[in-house]
Amino acid sequence: MTRPPDLSEQDLKHLELLQSVISRLSNNSFLVKGWCITLNSVLIAVAHGRPNWRTVPVVVAVAIGFWLLDGYYLRQERLFRSLYEKIVAGGQDPPPRFTMDAHRYGAETPWLPVLLSRPMLFCYGVLATAASLLISFFS
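Here the structure is a predicted model, which means the values were calculated and not measured. (Residues numbered from 1 in each chain as written. Predicted model: local features only at pLDDT ≥ 70, side-chain atom pairs only at ≥ 80, totals over all residues. Heavy atoms only, no water.)

**Student:** Any chance you could break down the overall build of the protein for me, citing the residues and the numbers?
**Tutor:** A count of helical and extended segments in the protein gives five helices and zero strands. In sequence order, the protein lays out its α and β elements as α-α-α-α-α. The C-alpha radius of gyration of the protein comes to 20 Å, more than 25% above the 14 Å expected for a compact globule of 139 residues. Along the longest, intermediate and shortest principal axes, the C-alpha atoms of the protein span 65 × 25 × 20 Å. Split into buried and exposed, the 139 residues of the protein put 36% on the buried side. (Helix = DSSP H or I, 4+ residues; strand = E, 2+ residues; numbered from the N terminus. Rg over C-alpha atoms; globule rule 2.2 N^0.38 Å. Buried < 20%, exposed > 50% of the residue type's maximum accessible area, 1.4 Å probe, protein only.)

Pasting the structure below:
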């Protein structure tokens, strides 16, 4: 196994910048999940008081909207992680120093695999299905 090249002080600062962006994106993803669960719980509680089939599309639309937003944050996080890894690895074609252009220098990260990853499916797919079944059961 080859040892990564020694990183300069500037490279370490660059990695710290990237790590702070990755942490913020991860925190945003966590907050989006929390808001989605909270909002769906409120919608289920409202639907329980007055059961109505029209609530189901609203609950599913809310879950899909938050799913897409969380997918955006997760995709961005993966792009920045790949940029981070490229800087640490060094190699023949390193990214420019202090670049934050993860789209150009990070690894290709398509949307669909991110949206259909197990954590995303488990969180939002189960949430939308369970909320729909609960509302349908009570109406």
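Now that the structure is up, let's keep going.
**Student:** Describe the nonpolar core, with residues and values.
**Tutor:** F66, F80, M120, Y124 and I135 are the most contacted members of the largest nonpolar core, which totals 30 residues. Residue assignment for this core shows that the elements contributing at least two residues are α1 (9-49), α2 (55-89), α4 (111-115) and α5 (118-138). The leading source of residues in this core is α2, at 11 residues. (Core = buried A, V, L, I, M, F, W, Y, C linked by side-chain atoms within 4.5 Å.)

**Student:** For the environment of L25, give the residues involved together with the corresponding values.
**Tutor:** As for its position among the elements, L25 is in helix α1. Counting along the chain gives 51 residues from L25 to Q76, while the straight-line C-alpha distance between them is 7.3 Å. With sequence-adjacent residues up to four places away left out, L25 is seen in contact with Y73, Q76, E77 and F80. (Contact = heavy atoms within 4.5 Å.)

**Student:** Requested: an account of the pattern of salt bridges, with residues and values cited.
**Tutor:** With the rule as written, the count across this model stands at four salt bridges. Of the charged contacts in the structure, one is a salt bridge between D70 and K33, with a shortest N-O distance of 2.6 Å. Placement of the pair is D70 in helix α2 and K33 in helix α1, with a sequence separation of 37 residues. According to the relative accessible area criterion, D70 is buried, its value standing at 0%. Overall, the relative accessible area of 23% leaves K33 in the partly exposed class. Across the pair R104 and D101 runs a salt bridge whose closest N-O atoms are separated by 3.6 Å. (Salt bridge = Lys/Arg side-chain N within 4 Å of Asp/Glu carboxyl O.)

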